[in-house]
Amino acid sequence: MNHAYADRLSKQEDAETMAKQVQAGGVRAVARVITWLDNREPAGTAVLKRLTPPDQRATVIGITGYPGTGKSTVIDQLITAYRRLGKTVGVLAVDISSPLTGGAVLGDRIRMQRHADDPGVYIRSMATRGQSGGLARATRDALQVLESAAYDVILIETVGVGHSDIEVVSVAGTVIALVAPGLGDDVQAMKAGLLEVADIVVVNKGDREGADAAVRDLREWYPHVLRTVAVKGEGIPELIAMIAEQQRLQDLAHASN
Ligand SMILES: Nc1nc2c(ncn2[C@@H]2O[C@H](COP(=O)(O)OP(=O)(O)OP(=O)(O)O)[C@@H](O)[C@H]2O)c(=O)[nH]1
Ligand SMILES: [Mg+2]
């Protein structure tokens, strides 16, 4: 047997083994495969090809909004709420901000750190930078890995600034656009782009001045607008209920198609 052939064969076996470990919910396998995919290593694709869809489809929720609107804080609260419901949670924090500023990775880590020891929670920052197409691709692939690992709920955080972001978040069954009062023109700008892909619009920092006005304004345009104070957990049960309702309607629509 020549070396190249033997090598290929053992790689196939490796991919097979990794795929099995991912599907058994092995966190280390999940992490490794996502790293391969994030780095665009062929080994990642090899595993991906061997993954079969889970029996039960995950609830996939995309959360997008300008920097600092409170996405990670909302996600942190959603993790707590879903864990109380007995659901396992996977989080993909997609950070497209400039490599110079370092983005929000550290902040995400700190904020969600309290869930780190919970085996029912897996939090992952995507490192892919640069090409927007690559980002959307890497996120989609990572999502497939988490789905195969059978997480019940998968949350994707992304900063809603560009087209690639909208592409990233559009893989989610439920897209939540987060705004904060006092952004003024930004909210106007978002109406044209981000809010268009949103199923639910959340006005976070509801404790701030102008929150009521923002909610009123947005309700003229969007049917599903909620106010939250994520730092206090206010509005989170309502948000969970709205997500469930939205997913239910979507399932109905799927079934009738
Ligand atoms: N007053 C107030 N502050 C909040 C609320 N939610 C979040 N914050 C604060 O807003 C800041 C930004 O929150 P993050 O959750 O990091 O926001 P983010 O959207 O994830 O930010 P990036 O990941 O950098 O885009 C933090 O200091 C939070 O504590 C809220 O409801 N009210
Ligand atoms: Mg964040």
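Computed from a predicted structure; not experimentally measured. (Residues numbered from 1 in each chain as written. Chains lettered and ligands numbered in written order. Predicted model: local features only at pLDDT ≥ 70, side-chain atom pairs only at ≥ 80, totals over all residues. Heavy atoms only, no water.)

**Points about unusual backbone geometry**
With a phi close to 55°, Arg40 is a non-glycine residue in the positive phi region. Assignment of secondary structure puts Arg40 in the loop between α2 (27-38) and α3 (42-50). Take Arg40: its relative accessible area is 54%, and that puts it in the exposed class. (Helix = DSSP H or I, 4+ residues; strand = E, 2+ residues; numbered from the N terminus. Buried < 20%, exposed > 50% of the residue type's maximum accessible area, 1.4 Å probe, protein only.)

**Here we look at the packing of helix α4 (residues 71-84) against helix α11 (residues 236-255)**
Taken N-terminus to C-terminus, the directions of α4 and α11 make an angle of 75°; their axes are 10 Å apart at the nearest point. Relative to α11, α4 is oriented roughly perpendicular. Residues Val74, Gln77, Leu78, Ala81 and Tyr82 of α4 form the contact with α11, whose own contacting residues are Ile236, Leu239, Ile240 and Ile243. Residues of the contact of α4 with α11, tallied by class, amount to eight nonpolar, one polar and no charged. (Axes fitted to C-alpha atoms, helices over the stretch in contact; angles between N-to-C directions. Parallel < 35°, antiparallel > 145°, perpendicular 65-115°, else oblique. Contact = heavy atoms within 4.5 Å. Nonpolar A, V, L, I, M, F, W, Y, C, P; charged D, E, K, R; others polar.)

**Comments concerning the side chain of Thr228**
With respect to the helices, strands and loops of the structure, Thr228 is situated in the loop between β7 (225-227) and α11. Judged by its relative accessible area of 1%, Thr228 is buried. Beyond its immediate stretch of four places on either side in the chain, Thr228 contacts Val202, Val203, Asn204, Lys205, Gly206, Glu234 and Gly235.

**Overview of the pairing of strand β6 (residues 200-203)**
Because side chains alternate across β6, one face comprises the buried residues Ile200 and Val202, and the other comprises Val201 and Val203, equally buried. As paired strands, strand β5 (residues 174-179) and β6 are joined by four bridges and run parallel to one another. Residue pairing for β6: Val179 is matched across the bridge by Val203. Bridge count for β6 against β7 is three bridges, and the pairing is parallel. Each residue of the ladder has a partner; that of Val203, found in β7, is Arg227. Handedness of the β-α-β unit built from β6, helix α10 (residues 211-219) and β7 comes out right-handed. (Pairing = 2+ DSSP bridges. Right-handed = clockwise from strand over helix to strand, strands pointing away.)

**What to know about the nonpolar core**
Val22, Val30, Val33, Ile34, Val47, Val145 and Leu146 are the most contacted members of the largest nonpolar core, which totals 34 residues. Within the residue set of this core, elements represented by two or more residues are α1 (3-23), α2, α3, β2 (89-94), β3 (121-126), α6 (132-148), β4 (153-159) and α7 (163-169). Examining the composition of this core, we find that seven residues originate from one element, α6, more than from any other. Counting the residues that make up this core, at least three belong to each of domain 1 (1-52) and domain 2 (53-255). Not counting the four nearest positions on each side in its chain, Leu146 is found in contact with Val30, Ile34, Gly90, Val91, Leu92, Tyr122, Tyr151 and Ile154. Of all hydrophobic cores here, the second largest spans 24 residues; its members include Tyr82, Ile200, Val202 and Leu226. (Core = buried A, V, L, I, M, F, W, Y, C linked by side-chain atoms within 4.5 Å. Domains from an automatic or database assignment.)

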